[in-house]
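Survey of secondary and tertiary structure
If you want the building blocks of each chain, they are given just below.
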Amino acid sequence: MTDITPLSGDELNKLVDDFEASEHNRMAMNAVTAAGIDKVARNYDRARLMQRRFSTVVDNGTVTHQDRSGRCWLFSSLNVARFVAKQNMGLKEFEFSQNYAMYYDKLERVNYFLKDVAALVEAGEPADSRLMRHLLSDVMGDGGQWTMAMNVYKKYGAVPKDLFPETESSKNTGEMNVQLRRMLHTAVAHMYADPSAIDAIIADAVAAGHRILTIHLGEPPKSFDWEWTDKDGEFHRDGEITPVEFWKKYVGSADLESYVCLVDDPRQEHVKGKKIGIEHLGNVAGGDPTEYLNVPNQFMKDCVRQILQEQGIPVWFGADCHPMMDRENGAWATDLFEYGRVYGVDFDLDKEQRVRFGDSAMNHAMAFVGVDVDEDGHTTRRWRVENSWGDKIADKGYFTMSDDWFTEYVYEVAVPKALLPAEYLKALEEPATMLPARSARWPIRAERIAEARWASAARENADRRFRGCRPHRLSPAGPMTHVSPKKDPTRTLRPRWVFPISLSSSHVTPTHSTMQSPIPIFRPHPLR
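This is a predicted model, so every value here is computed, not measured. Within every chain, residues take consecutive numbers counted from 1 along the sequence as written. Since the coordinates come from a predicted model, pLDDT governs what is reported: local features require at least 70, and pairs of side-chain atoms require 80 or more to be given and counted, while whole-chain, interface and lining totals use all residues. In computing side-chain values, all of the structure's heavy atoms are included and hydrogens and water are not.

1. Observations concerning the overall build of the protein
In terms of regular secondary structure, the protein is built from 18 helices and 16 strands. When accessible area is computed with a 1.4 Å probe and restricted to protein chains, residues below 20% of their type maximum are described as buried, those above 50% as exposed, and intermediate ones as partly exposed. Burial analysis of the protein (528 residues in total) assigns 54% to the buried set. A 1.4 Å probe and the Shrake-Rupley method give the accessible areas. Residues count as covered only by the protein chains that appear here. Carbon and sulfur atoms form 51% of the exposed surface of the protein, whose accessible area is close to 24,200 Å². Note on conventions: DSSP H or I runs of at least 4 residues are helices, E runs of at least 2 residues are strands, and numbering of each starts at the N terminus.

This is the structure we're talking about:
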């Protein structure tokens with residue numbers, strides 16, 4: 001191994017001297033230590049001149065709130081679906097139960113994970129292999145993808161939120177996920193200990209997962225009586241209906257299940273016009289595989305614009321939501337903050353380099369609900385976004401995105417297959433290029449990393465409590481998760497000094513926390 005040379009005293013002194021020699025550095029330090037980097041780096045001219053008017057707007061009513069969970073992909077997909085349902089029922093406001101969708105997503109994931117791992121165990125996969133360690137650390141997070149959401153709705157349908165409302169654990173999923181993960185880890189250990197009993201182990205673990213989920217989230221309805229009064233005051237009654245019947249009747253006309261996921265993977269080795277998939281990524285066994293058609297970013301823009309203008313319904317998408325985001329005012333633009341000027345650093349990576357070197361990845365799902373198009377009828381200028389972080393921030397929860405930010409940080413959109421040209425339709429029939437789950441450093445794998453980091457810290461706290469130590473202060477931010485619009489996402493897991501008390505002695509020994517800030521690509525929100 002190559003020796004790593006230490007930072008010498010002379011080098012450190014030179015760094016200090018160079019810093020102090022610059023008046024700019026002193027002024028920047030004074031400003032940032034007092035106000036924080038975002039307030040100092042905010043581009044005043046760009047912020048005040050950013051327009052929030054759009055040539056096409058799709059009104060989807062009151063913004064939803066995913067609270068302390070990583071369910072943005074479910075919220076945003078159900079936000080698309082509720083727009084269709086409201087039109088079909090003549091309602092001004094309506095919301096599907098996100099708790100119902102998460103219940104069956106997690107139950108299916110328990111089964112999917114167990115069957116997936118069982119096959120690896122039977123094939124002789126070592127317990128300490130990179131793949132197995134990845135699967136064990138990544139299991140039972142909240143994040144997901146459009147296709148995974150559609151798999152749930154096709155099999156289980158959906159219900160109105162009033163009939164299966166949020167619970168403490170659906171709004172704050174961290175501890176429930178820790179328990180589910182612990183149960184699955186135990187099952188895998190038993191599989192390795194006795195491979196001949198794998199079928200029985202799976203059956204017991206699925207039953208345990210069902211109990212845990214029902215205890216935390218409640219028992220979902222198998223059928224319900226549906227009646228409502230529309231926006232014109234007219235009363236309607238369906239009578240008894242199942243969740244699948246409800247989905248088909250009020251959302252089925254949009255044929256969302258047949259949508260295609262387009263992605264912009266900018267790395268040169270991943271050819272445009274070809275399908276990409278991730279090994280071991282899925283939720284419903286026997287459902288549609290989680291695959292993506294890699295296309296140019298401009299084609300994604302053209303599809304979204306066409307849907308908004310011609311069909312008038314929201315469009316689901318995934319992005320790296322953190323860079324250049326003004327959360328309170330609800331804005332994204334590539335020049336909204338001038339961090340480089342404050343630090344004297346040239347942040348010059350392009351999109352491909354950001355993905356390749358771990359600086360950017362998809363971590364949040366939302367819905368486009370508006371676009372401003374130039375007079376030529378094609379050139380897009382800005383976008384209106386329905387988020388799921390509540391209505392206390394931005395424009396009552398709606399954000400504005402500049403067109404150049406779309407180019408740099410939007411990675412995925414879900415669109416009707418009918419919008420694809422012949423060559424892309426043909427590509428859908430070809431096998432996908434599968435990327436290894438343990439090494440797929442690209443936008444799609446951002447979904448559960450931050451939540452897994454929080455869960456690991458939560459497990460550490462449980463052990464600390466057992467040993468009589470003061471627990472670390474945690475924020476249960478998960479992948480694609482919103483904690484609070486007032487929280488700084490880069491500070492949720494910051495290391496700090498803690499003082500564990502030994503049970504065998506009266507003295508207190510200071511020990512530095514082992515928790516580290518989340519890596520830049522997967523920073524928790526106030527999403528994640």
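2. Quick word on the nonpolar core
The nonpolar side chains of a soluble globular protein tend to be buried with one another. Throughout, nonpolar core names a set of buried Ala, Val, Leu, Ile, Met, Phe, Trp, Tyr and Cys residues whose side chains join them through atoms within 4.5 Å. Within the largest apolar cluster, 132 residues are counted, with the highest numbers of intra-cluster contacts made by Leu256, Leu262, Phe368, Met401 and Val410. Examining the composition of this core, we find that 13 residues originate from one element, helix α6 (residues 98-122), more than from any other.

3. Thoughts on the pattern of salt bridges
Every case where a carboxyl oxygen of Asp or Glu lies within 4 Å of a side-chain nitrogen of Lys or Arg is listed as a salt bridge. One pass over the structure, following the stated rule, counts 26 salt bridges. Between glutamate 408 and arginine 354 there is a salt bridge, and its shortest N-O distance comes to 2.5 Å. Placement of the pair is glutamate 408 in helix α16 (residues 403-409) and arginine 354 in helix α15 (residues 351-356), with a sequence separation of 54 residues. Judged by relative accessible area, which is 24%, glutamate 408 ranks as partly exposed. Arginine 354 sits in the buried class, given a relative accessible area of 6%. Through salt bridges that share partners, Asp264, Lys272 and Lys351 make up one connected network.

4. Focus: the side chain of aspartate 372
The residue aspartate 372 is located in strand β10 (residues 364-373) in this model. Owing to a relative accessible area of 10%, aspartate 372 belongs among the buried residues under this scheme. We call two N or O atoms a polar contact when they sit within 3.5 Å, provided that within protein one can donate a hydrogen and the other can accept it, with sequence-adjacent residues counted only if both atoms are side-chain atoms. A distance of 2.7 Å separates polar atoms of two side chains, one belonging to aspartate 372 and the other to arginine 381. The residues contacting aspartate 372, other than those within four sequence positions of it, are Arg53, Phe54, Ser55, Thr379, Thr380, Arg381 and Arg382. Working rule for contacts: check all heavy atoms of both residues, and any pair within 4.5 Å makes them a contact.

5. As for the packing of helix α10 (residues 174-193) against helix α11 (residues 198-217)
Axis definition: a line fitted to C-alpha atoms, limited for helices to the stretch in contact. Angles are taken between N-to-C directions and run from 0 to 180 degrees. With their axes 10 Å apart at the nearest point, α10 and α11 run at an angle of 170° to one another. In this view, α10 runs roughly antiparallel relative to α11, as classed from their interaxial angle. In this structure, α10 uses Met176, Gln179, Leu180, Met183, Ala187, His190 and Met191 to contact α11, whose residues at the interface are Ile198, Ile201, Ile202, Ala205, Ala208, Gly209, Ile212, Leu213, His216 and Leu217. Each residue receives one of three labels: charged for Asp, Glu, Lys and Arg, nonpolar for Ala, Val, Leu, Ile, Met, Phe, Trp, Tyr, Cys and Pro, and polar for the others, Gly being one of them. For the contact of α10 with α11, the per-class residue count stands at 13 nonpolar, four polar and no charged. Oblique is the label for any angle not covered by the other classes, which are roughly parallel (under 35 degrees), roughly antiparallel (over 145) and roughly perpendicular (65 to 115).

6. Some remarks on unusual backbone geometry
A positive phi is found at aspartate 67, a non-glycine position, where the angle reads about 55°. With respect to the element layout, aspartate 67 can be found in the loop between β1 (56-57) and α5 (72-89). Aspartate 67 sits in the partly exposed class, given a relative accessible area of 24%. Residue aspartate 255 is not a glycine yet carries a positive backbone phi of 50°. Residue placement: aspartate 255 occurs in the loop between α12 (243-250) and β4 (260-263).

7. Brief notes about the pairing of β10
Within a regular beta strand, the side chains point alternately toward one face of the sheet and then the other, so they alternate between its two faces. Of all 10 residues in β10, 10 are buried, a share of seventy percent or more. Bridge analysis of β1 against β10 gives two bridges, and the strand direction is antiparallel. In the strand pairing of β10, valine 57 is matched with glycine 370. We call two strands paired when DSSP finds no fewer than two bridges between them. One ladder, built from five bridges, connects strand β7 (residues 315-319) with β10; its direction is antiparallel.

8. Observations regarding the pairing of strand β13 (residues 410-415)
By the criterion of burial, β13 is predominantly enclosed, with six of the six residues buried. As judged from the four bridges shared by β4 and β13, these two strands associate in the antiparallel manner. Each residue of the ladder has a partner; that of leucine 262, found in β13, is valine 413.

9. Description of a nonpolar patch on the surface
Taken together, the side chains of Leu7, Leu12, Leu15 and Val16 define a hydrophobic patch exposed on the protein surface, amounting to about 370 Å² of accessible area. Structurally, the position occupied by leucine 15 is in helix α1 (residues 9-20). Judged by its relative accessible area of 51%, leucine 15 falls in the exposed class. Patches were defined on residues exceeding 30% relative accessible area and lacking a salt bridge, with like-charge contacts within 9 Å and nonpolar side-chain contacts (Val, Leu, Ile, Met, Phe, Trp, Tyr) within 5 Å.

10. A few points about the packing of α5 against helix α8 (residues 146-156)
In a packed pair of helices, the relevant descriptors are the angle between the two axes and the axis-to-axis distance. Two numbers describe how α5 lies on α8: the axes approach to 9 Å, and their chain directions differ by 65°. On the basis of the axis angle, α5 is roughly perpendicular to α8. Every pair of crossing elements has a handedness; the one defined by α5 and α8 is right-handed. On the side of α5, the interface is formed by Trp73, Leu74, Ser77 and Leu78, while α8 contributes Trp146, Met148, Ala149, Met150 and Tyr153. Of the residues belonging to the contact of α5 with α8, the class tally is eight nonpolar, one polar and no charged. In this scheme the crossing of two helices becomes right-handed for a clockwise turn of the near helix relative to the far one and left-handed for an anticlockwise turn of less than a right angle.

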